[in-house]
Amino acid sequence: MTDDTSTSPESVDEAVPVSPLTEKLEAILLIIDEPLGLVALAAAVGAPVPAVRQAIETLVDDYDGNGQGPRRGFELREVGGGWRLYVREGHDALVAEFIGGQAPARLSQAALETLAVIAYKQPVTRSQVASIRAVNVDSVVRTLLARGLITELFADSETGAINYGTTDALLQNLGINSIDELPPISPLLDDGADGFDEGNIR
């Protein structure tokens, strides 16, 4: 006699739960470099905008410790009409000290060229830098941010794209007081020079 309540292979497949919307959003938010608006997030996870808005609010409350768990060391912040994960402000000094304490390493040629583009073109977005260098610069920008050589200046009010600029740490490393003291663009940066407007070349 067979047991009618036994689970068939088909029913096992049907019982596998779909990944919760908040998990999908976290996966996307974890890897993005610039804030994404609700519409873009909804398209990324294949969910309605109202559902994404509600899930974002749930994540914000969760990270802020308003749910059942403790407050996290990071937060989900809305910047320029988009959402992105950031280190919680109270831990900025800790993170800066940690990064500063890492063993120094020489910048790669790609990092130096990207840094040069940002220095001369600032404020400039990541996509603009990528267009000038004709290569993907995501990982290089993350490296420069981690080294404290560039910083996020502001988010574009229409696109939400982050505009980057150089920091005082770069000036100190170069031994200059102002970005205006930078020398003329090196002829070695052929792939970047063509991307500058004539009026920006000193």
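Our structure's up above, just so we're on the same page.
These lines cover the structure that appears in this document, whether it is placed above or below. Since we're looking at a predicted model, the values are computed, not measured.

### Focus: the overall build of the protein chain
Okay, step 1: For the protein chain, the helix and strand inventory stands at 10 helices and five strands.
Okay, step 2: Here the protein chain holds 202 residues, and the buried ones make up 32% of them.
Okay, step 3: Excluding contacts between residues fewer than 6 apart, the proportion of contacts in the protein chain whose partners are at least 24 apart in sequence is 49%.
Okay, step 4: When the accessible surface of the protein chain is totalled, it reaches about 12600 Å², and 54% of it is carbon and sulfur.

### Quick word on the packing of aromatic side chains
Okay, step 1: The full count for this structure, using the stated rule, is one aromatic pair.
Okay, step 2: Considering the side-chain rings of tyrosine 63 and phenylalanine 74, the 4.8 Å spacing of their centres and the 65° angle between planes classify their relative orientation as edge-to-face. Taken together, the positions of tyrosine 63 in helix 4 (residues 49–63) and phenylalanine 74 in strand 1 (residues 74–79) put the pair 11 residues apart, joining distant regions of the chain.
Okay, step 3: Using a relative accessible area of 1% as the deciding quantity, one classes tyrosine 63 as buried.
Okay, step 4: The partly exposed category is assigned to phenylalanine 74, whose relative accessible area is 32%.
Okay, step 5: When the ring centre of tyrosine 86 is taken as origin, the NZ or CZ atom of arginine 77, which lies over that ring, is 4.3 Å away.

### Overview of the sheet that holds strand 4 (residues 150–155)
Strand-to-strand pairing in sheets goes through backbone hydrogen bonds, with the strands running parallel or antiparallel.
Okay, step 1: With respect to topology, three strands assemble into an open sheet ordered 3-5-4, the strand pairing being antiparallel. Looking at which strands have only one partner, the edges of the open sheet turn out to be strand 3 (124–125) and strand 4.
Okay, step 2: In the sheet, strand 4 pairs with strand 5 (residues 162–166) via five bridges, with the strands oriented antiparallel. Residue pairing across strands places isoleucine 150 opposite threonine 166, the latter belonging to strand 5.

### Focus on the side chain of threonine 166
Okay, step 1: On the secondary structure map, threonine 166 appears in strand 5.
Okay, step 2: If we ignore the near neighbours within four places in the chain, the residues touching threonine 166 are Leu115, Ile118, Ala119, Gln122, Leu149, Ile150, Thr151 and Ile179.

### Here we look at the pattern of salt bridges
Pairing is possible between side chains that carry opposite charge, provided their charged atoms lie close to one another.
Okay, step 1: By the definition in use, this model includes eight salt bridges.
Okay, step 2: The closest approach of N and O atoms between arginine 126 and glutamate 34, which form a salt bridge, is 3.8 Å. Here the residue arginine 126 occupies a position in helix 7 (residues 126–133), and glutamate 34 occupies one in the loop between helix 2 (21–31) and helix 3 (38–45), the gap between them amounting to 92 residues. Each member of the pair, arginine 126 as well as glutamate 34, is classed as buried.
Okay, step 3: The partner of glutamate 75 in a salt bridge is arginine 88, with the nearest N and O atoms 3.8 Å apart. Of this pair, glutamate 75 sits in strand 1 while arginine 88 sits in the loop between strand 2 (82–87) and helix 5 (92–100), and the two are 13 residues apart along the sequence.

Parameters and conventions
Residues numbered from 1 in each chain as written. Predicted model: local features only at pLDDT ≥ 70, side-chain atom pairs only at ≥ 80, totals over all residues. Heavy atoms only, no water. Helix = DSSP H or I, 4+ residues; strand = E, 2+ residues; numbered from the N terminus. Buried < 20%, exposed > 50% of the residue type's maximum accessible area, 1.4 Å probe, protein only. Contact = heavy atoms within 4.5 Å. Areas by Shrake-Rupley, 256 points an atom, 1.4 Å probe, with all protein chains shown as cover. Phe/Tyr/Trp six-rings, centres within 6.5 Å; stacked < 30°, edge-to-face > 60°. Lys NZ or Arg CZ within 6 Å of the ring centre and 35° of its normal. Pairing = 2+ DSSP bridges. Salt bridge = Lys/Arg side-chain N within 4 Å of Asp/Glu carboxyl O.

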